[in-house]
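Given next are the chains, with one letter for each unit.
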Amino acid sequence: MKKILLATFVILTTSIASFAQNGELMATTHNVYSGITHTYKATGTDDFTWEVFSDVACTAAVLPASDTYTFSAGTDLTKDLTITWNEPATSPATYYLRLKQLNTGTGCYNYKTLTVIVTSVNDMTFAFAPTASTEDCAVNISLSDVIFDVTLSGTNLVHEATKQAQVEYAIGTGIKAWLNVDLGSTTGAGTYTITIPASQLLSSDPKVDQNFDINIYRLRDGNGAINDFASTPITHVWKANALPTIVDIVF
């Protein structure tokens, strides 16, 4: 019986010591792209301290000076902490954001740790789908906007009702502008559409074939992460077929 009690005591002591050292690791994970600034919130009236670690045991601290991240206010002593996650040396990279909550009245404290996986924005890409419109009659006839099938990819890409993905585009060498990716029945990566206003695809002469270069320069997901293709724009050539020339009616 003494051996059983001793074994139970050892297990309980070890368990308590482990809990006191590490606190609680959250079951959920925060996936985020590099370059994103995100606010993490705590509740309560105690004192809070935030730290970032590279290991789940929270023994290897990662300092803001490491270029892994930056605290927006330059301090970790705040209830709500805003962090900008920088480009990881190896993507994806896993970090552990630990919150220490201290009751100043009793001197007791506890920890809560969130796993954060930071992925390079290069993981997030845009492409015109094989089914994208390639040609039509000179748009002057219908004055209809032109819809193009596009594909968004990315492990952590955000595209949903309240956080809509966008692309920066221009027709030829025209002025660049942001354009919403239309929302579909899915969220995140998938095939969607973009709609180019008819006014930007007007043929200068509807009786002559004309090609329009639709250039995509940047993709921005719903959280604001941006992958820049400016050096090599993603281009789709759309052809406005000439209208037939009708000779005069003979009468």
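Above this note sits the structure.
No experiment lies behind these values; they were computed from the predicted model shown. (Residues numbered from 1 in each chain as written. Predicted model: local features only at pLDDT ≥ 70, side-chain atom pairs only at ≥ 80, totals over all residues. Heavy atoms only, no water.)

A. Examining the overall build of the chain more closely. Tallying secondary structure elements over the chain gives 1 helix and 16 strands in all. Counting across all 251 residues of the chain, residues that qualify as buried make up 35%. Contacts in the chain between residues far apart in sequence, at least 24 positions, make up 68% of those at least 6 positions apart. Carbon and sulfur atoms make up 56% of the accessible area of the chain, which totals about 14,400 Å². (Helix = DSSP H or I, 4+ residues; strand = E, 2+ residues; numbered from the N terminus. Buried < 20%, exposed > 50% of the residue type's maximum accessible area, 1.4 Å probe, protein only. Contact = heavy atoms within 4.5 Å. Areas by Shrake-Rupley, 256 points an atom, 1.4 Å probe, with all protein chains shown as cover.)

B. How the structure looks around the sheet that holds strand β4 (residues 69-71). The 3 strands lie next to each other as β2-β5-β4, forming an open sheet whose pairing is antiparallel. A single partner strand is all that each edge strand has here, and the edge strands are β2 (37-41) and β4. Sheet twist, expressed as the mean angle between neighbouring strand axes with direction ignored, is 30 degrees. Two strands pair when backbone bridges link them, and β4 and strand β5 (residues 80-85) are joined in this way by 3 bridges, in the antiparallel orientation. Considered in β5, the bridge of Tyr 69 is made with Trp 85. (Pairing = 2+ DSSP bridges. Axes fitted to C-alpha atoms, helices over the stretch in contact; angles between N-to-C directions.)

C. Layout of the packing of aromatic side chains. One pass over the full model with this rule turns up 6 aromatic pairs. On the basis of an interplanar angle of 85 degrees and a centroid distance of 5.3 Å, the ring pair of Phe 126 and Phe 128 is categorised as edge-to-face. Grouping residues by exposure puts Phe 126 and Phe 128 together as buried. An aromatic cluster is defined as three or more aromatic residues linked by ring pairs; in this entry it consists of Tyr 69, Trp 85 and Tyr 95. Over the aromatic face of Tyr 111 sits the side chain of Arg 98, whose NZ or CZ is 3.7 Å from the ring centroid. Arg 220 extends its terminal NZ or CZ atom over the ring of Trp 178, reaching a point 3.8 Å from the ring centre. (Phe/Tyr/Trp six-rings, centres within 6.5 Å; stacked < 30°, edge-to-face > 60°. Lys NZ or Arg CZ within 6 Å of the ring centre and 35° of its normal.)

D. Representation of the environment of Ala 57 in the model. By secondary structure assignment, the location of Ala 57 is in the loop between β3 (47-53) and β4. Here the alpha-carbon distance between Ala 57 and Gly 23, two residues 34 residues apart in the chain, equals 9.8 Å.

E. A look at the nonpolar core. Ranked by size, the top nonpolar core spans 50 residues in total, and within it Trp 85, Phe 126 and Ile 194 carry the most contacts. Discounting residues that sit within four places of it in the chain, Phe 126 has contacts with Val 150, Thr 151, Leu 152, Val 167, Ile 194, Ile 216, Leu 219, Phe 229 and Ile 234. (Core = buried A, V, L, I, M, F, W, Y, C linked by side-chain atoms within 4.5 Å.)

F. Highlighting the sheet that holds strand β1 (residues 24-33). Spatially, 4 strands are ordered β1-β7-β6-β3 in an open sheet, and the strand pairing comes out mixed. With one partner strand each, in any of the chains shown, β1 and β3 form the two edges of the open sheet. This sheet shows a mean twist of 25 degrees between the axes of neighbouring strands, independent of strand direction. Bridge count for strand β6 (residues 93-102) against strand β7 (residues 109-119) is 10 bridges, and the pairing is antiparallel. Considered in β7, the bridge of Arg 98 is made with Thr 113.

G. The arrangement of the pairing of strand β14 (residues 210-220) in detail. Relative to β14, strand β11 (residues 166-171) runs antiparallel, the two sharing 6 bridges. Paired with Tyr 169 across the bridge in β14 is Ile 216. Here β14 runs beside strand β16 (residues 234-241); their pairing, made up of 7 bridges, is antiparallel. Along β16, the bridge assignment pairs Gln 210 with Ala 240. As judged from the 3 bridges shared by β14 and strand β15 (residues 226-228), these two strands associate in the antiparallel manner. Its bridge partner lying in β15, Arg 218 is registered against Asp 228. Hairpin connection from β14 to β15: 5 residues lie between these consecutive antiparallel strands, with Gly 224 at a positive phi of about 100 degrees.

H. Broad picture of the layout of surface pockets. Roughly 300 Å³ of volume is contained in the largest pocket. Forming the walls of the largest pocket are 16 residues, and the residues nearest its centre are Met 26, Lys 41, Ala 42, Leu 99 and Lys 112. Counting only elements with at least two residues in the lining of the largest pocket, the list comes to β1, β2, β6 and β7. Here the element with the most residues in the lining of the largest pocket is β7; it accounts for 5 residues. (1 Å grid on protein atoms, 1.4 Å probe; cavity = no way out; pocket = protein on both sides within 12 Å on 5 of 7 lines; lining within 4 Å. Points joined across faces, edges and corners; volume = space filled by probe spheres on them.)

As far as function goes, none of this settles anything; it's purely spatial.
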